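Topology and contacts: notes
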Amino acid sequence: VQLQASGGGLVQAGESLRLACAASGRTFSRFVMGWFRQAPGKEEEFVAAIVWNEGDTYYADSVKDRFTISRDIAQNTAYLQMNSLKPDDTAVYYCAAGAPNNGDFYDTIKPYDYWGQGTLVTVSS
């Protein structure tokens, strides 16, 4: 599976951005796509995930009510709509995908075997 992330950029606080992650390659009967981010000097953290077929979504508390993850099944693309951006959202955002096992938690890196190259989001105050 190859993942191509896009949509990062420089915005001011309060503005919006939409990231996209296009997937190509093999498919799975059960598939999850997620977004993680890593800010300078900080550890990587979970942002959001979507179970591909069912559409179930999961969010980190820090982005809940501001970010929305969605997917276009026909285009094999996941999106992360980010609204009301804050300077604390500044980070490199990575999309990831995988075929989770029963009991895997989507907010950890364990279910994700495939990673995109990352796209930089910078939010100025």
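A brief report on the enclosed structure follows. (Residues numbered from 1 in each chain as written. Predicted model: local features only at pLDDT ≥ 70, side-chain atom pairs only at ≥ 80, totals over all residues. Heavy atoms only, no water.)

Some points on the state of the cysteines
Taken as a whole and assessed by the stated rule, the structure comprises one disulfide. The residue that forms a disulfide with Cys-21 is Cys-95, at a sulfur-sulfur distance of 2.2 Å. Disulfide Cys-21 to Cys-95: torsion about the S-S bond roughly 65°, handedness right-handed. Residue Cys-21 is located in strand β3 (residues 17–24), and its partner Cys-95 is located in strand β9 (residues 91–98); the two are separated by 74 residues in the primary sequence. (Disulfide = S-S within 2.5 Å. Helix = DSSP H or I, 4+ residues; strand = E, 2+ residues; numbered from the N terminus.)

Description of the sheet that holds strand β7 (residues 67–72)
Read from one edge of the open sheet, four strands run β1-β3-β8-β7, paired in antiparallel fashion. Across the chains shown, the open sheet's two edge strands, defined by having one partner strand only, are β1 (2–6) and β7. Strand-to-strand twist of the sheet, defined as the mean angle between neighbouring strand axes without regard to direction, takes the value 15°. Where β7 meets strand β8 (residues 77–82), six bridges bridge the pair, whose relative direction is antiparallel. From the neighbouring strand, Arg-71 faces β8, where its bridge partner is Ala-78. (Pairing = 2+ DSSP bridges. Axes fitted to C-alpha atoms, helices over the stretch in contact; angles between N-to-C directions.)

A look at the nonpolar core
One finds Met-33, Trp-35, Leu-80, Met-82 and Tyr-93 to be the most contacted residues of the largest nonpolar core, which totals 38 residues. Listed by contribution, the elements that provide at least two residues to this core are β1, β3, β4 (32–38), β5 (45–51), β7, β8, β9 and β11 (119–124). Setting aside residues no more than four positions away along its own chain, Met-82 makes contact with Glu-15, Ser-16, Leu-17, Leu-19, Arg-66, Phe-67, Tyr-93 and Val-121. (Core = buried A, V, L, I, M, F, W, Y, C linked by side-chain atoms within 4.5 Å. Buried < 20%, exposed > 50% of the residue type's maximum accessible area, 1.4 Å probe, protein only. Contact = heavy atoms within 4.5 Å.)

Re the pattern of salt bridges
Scanning the model with the defined rule gives six salt bridges in all. Glu-54 is paired through a salt bridge with Arg-30; the nearest N and O atoms lie 3.3 Å apart. Taken together, the residues span a long stretch of sequence, with Glu-54 in the loop between β5 and β6 (57–59) and Arg-30 in the loop between β3 and β4 at a distance of 24 residues. Residue Arg-30 is classed as partly exposed on the basis of its relative accessible area of 32%. Arg-37 is the partner of Glu-45 in a salt bridge, and the nearest nitrogen-oxygen pair spans 2.6 Å. Here Glu-45 falls in the partly exposed class, since its relative accessible area comes to 35%. Residue Arg-37 is classed as buried on the basis of its relative accessible area of 4%. One network of salt bridges, in which partners are shared, links Arg-37, Glu-45, Arg-66 and Asp-89. (Salt bridge = Lys/Arg side-chain N within 4 Å of Asp/Glu carboxyl O.)

Nothing here speaks to function; it is all geometry.
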